[in-house]
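Architecture and fold: a report
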Amino acid sequence: MELNAEAKRIMALSLGKLYSSRMHRGGMKLHRSLQLSLVMRSARDIYFTAKLESDAEAAGRQPGAPGEDEEVAMVTEAVPAQPAGQAAADPQQSETGTEAHTETELSPEPSCAPAVTQPLTEAPSNVPARTECKPKPAQIVTPADKENTSPGSGSAVPALASDRHTRKRRGNSAAEPEFLPSKKARMEQMKGGESGLHSGSCRGGVSLASALFRTIVAF
Amino acid sequence: MLLVEDGLGICVVHLSLSLSLSLSLSLSGAGGGGNDVQWCFSQVKGAIDDDVAEADIISTVEFNHSGELLATGDKGGRVVIFQQEPENKSQPQCRGEYNVYSTFQSHEPEFDYLKSLEIEEKINKIRWLPQKNAAQFLLSTNDKTIKLWKISERDKRPEGYNLKEEDGRYRDPTTVTTLRVPVFRPMDLMVEASPRRVFANAHTYHINSISVNSDYETYLSADDLRVNLWHLEITDRSFNIVDIKPANMEELTEVITATEFHPNQCNTFVYSSSKGTIRLCDMRESALCDKHSKLFEEPEDPSNRSFFSEIISSISDVKFSHNGRYMMTRDYLSVKIWDLNMESRPVETYQVHEYLRSKLCSLYENDCIFDKFECCWNGNDSVVMTGSYNNFFRMFDRGQKKDVTLEASRESSKPRAVLKPRKVSAGGKRKKDEISVDSLDFNKKILHTAWHPQENIIAVATTNNLYIFQDKLN
């Protein structure tokens with residue numbers, strides 16, 4: 001749980017740094033941009049790994065869920081606008097604009113298919129074009145992470161505070177958030193003979209960049 | 001007098017006549033001894049006030065080959081050269097002080113109109129050329145342009161011109177009745193710096209290193225993706241010898257972070273990468289040295305994996321030992337010594353500030369994790385030194401397996417005051433005189449240090465001050 005919140009926070013932080021580095025005298029430093037993108041990728045990978053575990057756990061707990069998930073997965077959004085060398089077997093992902101959703105509470109909202117983390121090679125200046133799904137509620141067993149377990153380091157985001165934020169926000173957007181396209185339309189589109197879950201086609205939509213940007217604004 | 005044998009050879013020990021009868025190993029000229037040496041404050045250069053002007057931030061420090069001259073470059077594009085005063089005959093044990101010898105504006109801010117980008121005037125590196133005649137030469141570089149500067153002394157001037165007055169005004173020819181031959185008369189010493197060569201327009205990315213070859217004719221310059229070879233006499237051409245730019249920039253995974261020529265093999269150089277690898281290249285193999293001769297890489301310790309593992313493994317500096325057998329690399333948390341004959345792992349690893357490993361997230365937030373620390377060898381390759389935070393710097397004695405943490409601060413800046421070793425408490429109980437990690441000042445960082453090539457004299461740059469320390473002499 002904390003790990004996911006931390007991962008999201010680091011992604012938002014990195015994005016902010018990337019944006020501000022454009023203002024630096026002397027122009028953007030290639031090395032620094034590369035390092036920022038590596039951290040973002042690390043954070044994203046850790047986030048998705050944790051999500052995967054939580055989804056697997058939840059799936060184990062709710063035997064009826066997987067089928068439901070699949071259907072819903074077809075329905076939900078796959079977002080990334082830029083291909084950036086992604087393989088065709090792109091996992092279906094839905095977009096969430098409100099990164100603030102956490103996984104601490106059971107929610108009646110539909111979840112997306114487990115996100116398979118794929119190693120992508122990306123340019124330092126391109127923000128990884130992935131978003132995460134509306135998280136499947138579950139307690140994530142966080143793997144031991146050295147710097148996240150440091151007590152009193154002042155660096156970990158107090159999970160409690162973000163929970164408070166997110167509970168509030170979730171209340172507001174429990175109904176369909178306006179940036180998500182309507183499910184109905186999507187289903188009709190999907191019926192048009194696509195390969196279902198692994199459709200590589202993404203609706204040109206909001207990229208991770210703006211999704212995370214919204215996070216920064218929201219925070 | 002007694003003869004004492006230790007790990008560094010046989011030394012002659014002078015028993016002092018004072019009541020304290022302290023034995024000290026006299027290692028003058030050897031430039032060694034990390035922990036038997038007591039370091040004393042010698043001088044501090046730069047403004048005292050805490051309000052630091054950005055242009056005064058020191059960005060590079062370098063001794064010349066004899067150690068007589070010490071050059072610093074700053075963010076404002078200026079180079080200041082200090083010269084060591086000759087040893088005082090009456091006090092042979094007291095080494096000369098370093099005083100300002102020459103100051104000049106090396107680089108100015110420029111504007112790249114094509115990319116609408118400003119080119120910073122900050123001096124990234126200074127490298128001295130070995131002295132061949134009365135003048136001194138150095139290379140200084142900013143992000144895009146390298147310049148060769150000649151620093152020469154003028155202590156005589158011609159006097160007694162026929163057509164000119166002493167102040168330069170022309171005389172009325174009709175007043176000239178006799179002819180005389182102008183003669184050279186002594187004048188106050190004047191040190192002039194003049195740019196002899198400008199090596200420009202060869203780098204698309206930001207230059208991070210320059211290195212003079214042991215042939216004293218060529219040098220290399222490196223940016224994030226390319227290494228170029230220059231001849232010191234030729235400015236309109238350079239050879240690209242390494243190019244790691246991928247065809248598709250989206251596939252970029254690593255950049256070049258530092259480069260250096262081997263100290264005595266003129267065909268060999270190394271370059272380090274942001275992935276923590278070092279490649280050794282032999283220019284005899286092919287014109288383009290994309291294929292390395294040796295790849296030095298240590299497998300990552302999986303237990304240390306975190307969000308930031310990749311970026312803290314980035315090498316910020318690489319330096320060959322003077323004897324050319326070893327090279328040293330600096331990454332964010334450690335210093336590693338590599339034997340050039342063994343690529344699989346370093347022969348020695350020294351932790352500079354391991355207590356920061358649990359603070360990487362905070363250091364990422366305040367951008368400190370991107371700091372590029374340099375490192376240096378002492379004259380006989382027995383001790384290595386590097387900087388840290390809170391104006392601390394660390395020395396590691398390779399032979400004695402001892403290390404020490406010292407601080408460059410105004411408080412310990414009394415003449416010949418011995419520096420007290422400092423200690424950082426990693427956690428839990430904090431002993432007396434120890435500093436806790438949380439009270440370290442991360443704005444006070446020592447990125448640049450230099451060691452005199454022969455003596456135990458070191459130059460340590462804090463943000464805008466240059467500290468000179470030397471070992472205690474009896």
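Residues numbered from 1 in each chain as written. Chains lettered and ligands numbered in written order. Predicted model: local features only at pLDDT ≥ 70, side-chain atom pairs only at ≥ 80, totals over all residues. Heavy atoms only, no water.

**Notes on the overall build of chain A**
Of regular secondary structure, chain A possesses six helices and zero strands. Per-residue burial over chain A gives 52% buried out of 219 residues. For chain A, restricting intrachain contacts to residue pairs at least 6 apart in sequence, the fraction spanning at least 24 positions comes to 84%. Here chain A has roughly 10,000 Å² of accessible surface; of this, 59% comes from carbon and sulfur atoms. (Helix = DSSP H or I, 4+ residues; strand = E, 2+ residues; numbered from the N terminus. Buried < 20%, exposed > 50% of the residue type's maximum accessible area, 1.4 Å probe, protein only. Contact = heavy atoms within 4.5 Å. Areas by Shrake-Rupley, 256 points an atom, 1.4 Å probe, with all protein chains shown as cover.)

**Structural notes on the overall build of chain B**
A count of helices and strands for chain B gives two helices and 34 strands. Relative to the compact-globule value of 23 Å for 474 residues, chain B shows a C-alpha radius of gyration of 25 Å, a close match. Taking the principal axes of the C-alpha coordinates as reference, chain B spans close to 90 × 75 × 45 Å. Counting over 474 residues, chain B shows a buried share of 51%. Look at the contacts in chain B between residues 6 or more apart in sequence, and 53% of them connect residues 24 or more apart. (Rg over C-alpha atoms; globule rule 2.2 N^0.38 Å.)

**Structural notes on the pattern of salt bridges**
One pass over the structure, following the stated rule, counts 36 salt bridges over all chains. Here B:K319 makes a salt bridge to B:D317, at a shortest N to O gap of 2.9 Å. Residue B:K319 shares its accessibility class with B:D317, and that shared class is buried. Within this structure, A:E6, A:R9 and B:E365 form a network of salt bridges that share partners. (Salt bridge = Lys/Arg side-chain N within 4 Å of Asp/Glu carboxyl O.)

**Concerning the pairing of strand β34 (residues 466-471) of chain B**
Along a regular strand, successive side chains alternate from one face of the sheet to the other. Residues and elements named next belong to chain B. A large share of β34 lies buried, amounting to six of its six residues. With six bridges connecting them, strand β3 (residues 39-45) and β34 associate as antiparallel partners. Within β34, the residue paired with K45 across the bridge is L466. Across five bridges, strand β33 (residues 457-461) lies against β34 in antiparallel orientation. Opposite I458, over in β34, you have F469 as the bridge partner. Linking two consecutive strands that pair antiparallel, namely β33 and β34, is a turn of four residues. (Pairing = 2+ DSSP bridges.)

**Examining the nonpolar core**
Ranked by internal contacts, the top residues of the largest apolar core, which has 44 residues, are B:F308, B:Y332, B:L356, B:Y364 and B:I369. Ranked by residue count, the leading element in this core is helix α2 (residues 30-61) of chain A, at 10 residues. The contacts of B:L356, once residues within four sequence positions are left out, are B:Y332, B:L333, B:L363, B:Y389, B:V437 and B:F442. By size, the runner-up hydrophobic cluster in this structure holds 18 residues, among which are B:F41, B:V383, B:M385 and B:A408. (Core = buried A, V, L, I, M, F, W, Y, C linked by side-chain atoms within 4.5 Å.)

**As for the sheet that holds strand β20 (residues 278-282) of chain B**
Strands belonging to one sheet form pairs held by backbone hydrogen bonds; the direction of such a pair is parallel or antiparallel. Residues and elements named next belong to chain B. With respect to topology, four strands assemble into an open sheet ordered β18-β19-β20-β21, the strand pairing being antiparallel. Every other strand in the sheet has two partners, leaving β18 (256-261) and β21 (294-296) as the edge strands with one partner each. Between one strand axis and the next, the sheet turns through 20° on average, direction left out of account. Here strand β19 (residues 268-273) pairs with β20 via five bridges, running antiparallel. Paired with V270 across the bridge in β20 is L280. (Axes fitted to C-alpha atoms, helices over the stretch in contact; angles between N-to-C directions.)

**Examining the packing of helix α1 (residues 2-21) of chain A against α2(A)**
Packed helices, taken two at a time, are described by the angle their axes make and the gap between the axes. All names here are of chain A. Closest axis-to-axis distance for the α1/α2 pair is 9 Å, and the angle between their directions is 160°. Relative to α2, the element α1 is oriented roughly antiparallel. As for how α1 packs across α2, the hand of that crossing is left-handed. Contacts between α1 and α2 involve L3, N4, A7, K8, I10, M11, S14, L15, K17 and L18 from the first element and S33, L36, V39, M40, A43, R44, I46, Y47, A50 and K51 from the second. Among the residues forming the contact of α1 with α2, the class breakdown is 13 nonpolar, three polar and four charged. (Parallel < 35°, antiparallel > 145°, perpendicular 65-115°, else oblique. Left-handed = near helix turned anticlockwise from the far one by under 90°. Nonpolar A, V, L, I, M, F, W, Y, C, P; charged D, E, K, R; others polar.)

**Some thoughts on the environment of B:R430**
Within the secondary structure, B:R430 is located in the loop between β30 (423-425) and β31 (434-436). With residues up to four places along the chain from it excluded, the contact list for B:R430 reads B:S425, B:I435 and B:S436.

**Notes on the packing of aromatic side chains**
All names here are of chain B. One pass over the structure, following the stated rule, counts 22 aromatic pairs over all chains. Between F199 and Y219, the ring centres sit 5.2 Å apart and the planes meet at 75°, which makes this aromatic pair edge-to-face. With F199 in strand β13 (residues 183-199) and Y219 in strand β15 (residues 218-222), this pair connects stretches of sequence that are 20 residues apart. Overall, the relative accessible area of 0% leaves Y219 in the buried class. With 5.3 Å between their ring centres and 90° between their planes, F373 and Y389 make a pair best called edge-to-face. Taken together, the residues span a long stretch of sequence, with F373 in the loop between α2 (360-365) and β26 (375-377) and Y389 in the loop between β27 (383-387) and β28 (392-397) at a distance of 16 residues. (Phe/Tyr/Trp six-rings, centres within 6.5 Å; stacked < 30°, edge-to-face > 60°.)

**Some words on α1(A)**
Here α1(A) contains 20 residues, and its C-alpha end-to-end distance of 28 Å stays within 8% of the 28 Å for a straight helix at 1.5 Å per residue. For α1(A), the buried fraction is high: 15 of the 20 residues fall into the buried class. (Expected span 1.5 Å × (residues − 1).)

**Quick notes on the side chain of B:E121**
Turning to its location among the elements, B:E121 is positioned in the loop between β9 (117-119) and β10 (125-128). Using a relative accessible area of 10% as the deciding quantity, one classes B:E121 as buried.

**Some remarks on the environment of B:V384**
Residue and element names in this part refer to chain B. Mapped onto the elements of the fold, V384 is located in strand β27. Its relative accessible area of 1% is what places V384 among the buried residues. Spatially, the C-alpha atom of V384 lies 14 Å from that of D36, the residues being 348 residues apart in sequence. The residues contacting V384, other than those within four sequence positions of it, are M328, V335, I337, C376, W377, R394, M395, F396 and R398.

**Overview of the pairing of strand β4 (residues 58-63) of chain B**
All names here are of chain B. β4 sits mainly inside the fold: six of its six residues count as buried. Both β4 and strand β5 (residues 69-74) contribute to a ladder of five bridges, which runs antiparallel. Directly across from T60, in β5, lies its bridge partner G73. Taking the residues between adjacent antiparallel strands as the criterion, β4 and β5 are bridged by five residues, where G67 takes a positive phi near 85°.

**A word on the sheet that holds β26(B)**
Residue and element names in this part refer to chain B. Pairing is antiparallel in the open sheet, where four strands are placed in the order β26-β27-β28-β29. Each edge of the sheet is formed by a strand with only one pairing partner; in this case those strands are β26 and β29 (402-407). When the angles between neighbouring strand axes are averaged without regard to direction, this sheet yields 20°. One ladder, built from five bridges, connects β27 with β28; its direction is antiparallel. The partner of G387 across the bridge, within β28, is F393.

**Here we look at unusual backbone geometry**
Residue and element names in this part refer to chain B. Despite not being glycine, N201 has its phi angle at roughly 65°, a positive value. Position of N201 relative to the elements: it lies in the loop between β13 and β14 (209-212). Phi is positive for R416, close to 60°, though the residue is something other than glycine. Residue position: R416 is located in the loop between β29 and β30. On the basis of relative accessible area, R416 is assigned to the exposed category, the value being 63%.

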